[in-house]
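An overview of the molecular structure
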Amino acid sequence: MSDNRSCERKNMFDEDAWCVGSSNNWLMLFGRDGYPFLLHPSSDSFILLPQFPHSFLAFNITHSYFAEALRKTFVSKFVFMGSASPSHYFLAILYGHQCKLALFAADSWVELSDAQGCYRDIVFVNNYLYALAKDDSIYLVISKGEFLLVKKYIGNFVDADGVVVDEAYILSSLGVTPCPYRTKHFTVYALDFGKIKWEKKRILLDQALFVGTESKSVPAALSGCQANSIYFTGDRLEEMDLDWSYGGNCYGYEYHITTTYQNI
């Protein structure tokens, strides 16, 4: 897209197909019948996948109900890991409300039953699949060949000016309702594959990071973003059931990683 042109393709799949993610130039979609498939848009290549085994679904969930109600949200992340072969898995997914990990190869799905039951993210780097245990404050990002870990720091309660407050402030400020959590800053680490060690990274150069369910790194000049910045939104949407002001209210971008915070 460096020349600011876009390309529209039509009739590549039925109008009710739903895309659940992208990885290495492949899209993962579900058709209206609930069957998953992969699409490589630039070459029009398809990989048809079998439906998930019944063990992947909750008790008494039928395939017809899955196609009607669950196909849009069942897979939270997928990673395409290369060409399929009889002895090598080439696709990994996080699925279900517990975000379990499963692999696919040789026409079958395999759940990693001995793995930890709940994951936040998966990334495929240098022929290794890395899985991040459930942690709402950490994100994994691939940026210009580097494997980055982004750590988010929040204040659970802040005052009207966004300053983090503690329990003593809440108890002493009668009649003053503290605001819900606020993202305060980020720290970024890059994995040194030689030392197998996370090294602190102080500059992102011409890249902008988007962190969330699908974390990405994009060239700032091509995306209209601020270079050397991290864009984010609040992840606590489930807390909107407790109080509307808690979920998804925190959004903005951080410039120069740990120096300036701005709302957008």
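Residues numbered from 1 in each chain as written. Predicted model: local features only at pLDDT ≥ 70, side-chain atom pairs only at ≥ 80, totals over all residues. Heavy atoms only, no water.

A word on unusual backbone geometry
For N25, which is not glycine, the phi dihedral falls at a positive 75 degrees. Position of N25 relative to the elements: it lies in the loop between β1 (18-23) and β2 (26-30). Classification of N25 as exposed rests on a relative accessible area of 62%. Residue C99 is not a glycine yet carries a positive backbone phi of 50 degrees. Topologically, C99 is positioned in the loop between β6 (91-95) and β7 (100-105). (Helix = DSSP H or I, 4+ residues; strand = E, 2+ residues; numbered from the N terminus. Buried < 20%, exposed > 50% of the residue type's maximum accessible area, 1.4 Å probe, protein only.)

Side note on the side chain of R71
Structurally, R71 can be placed in the loop between α1 (63-70) and β5 (75-80). For the buried R71, no salt bridge exists, and the shortest N-O distance to an oppositely charged side chain is 5.4 Å, to D16. Polar contacts involving the side chain of R71 include one to the main-chain carbonyl oxygen of D16, which spans 2.8 Å. Apart from the residues lying within four places of it in its own chain, the contact partners of R71 are D16, A17, W18, V20, F30, G31, R32, G34 and F66. (Lys, Arg positive; Asp, Glu negative; His and termini not counted. Salt bridge = Lys/Arg side-chain N within 4 Å of Asp/Glu carboxyl O. Polar contact = N/O pair within 3.5 Å; in protein donor to acceptor, adjacent residues only side chain to side chain. Contact = heavy atoms within 4.5 Å.)

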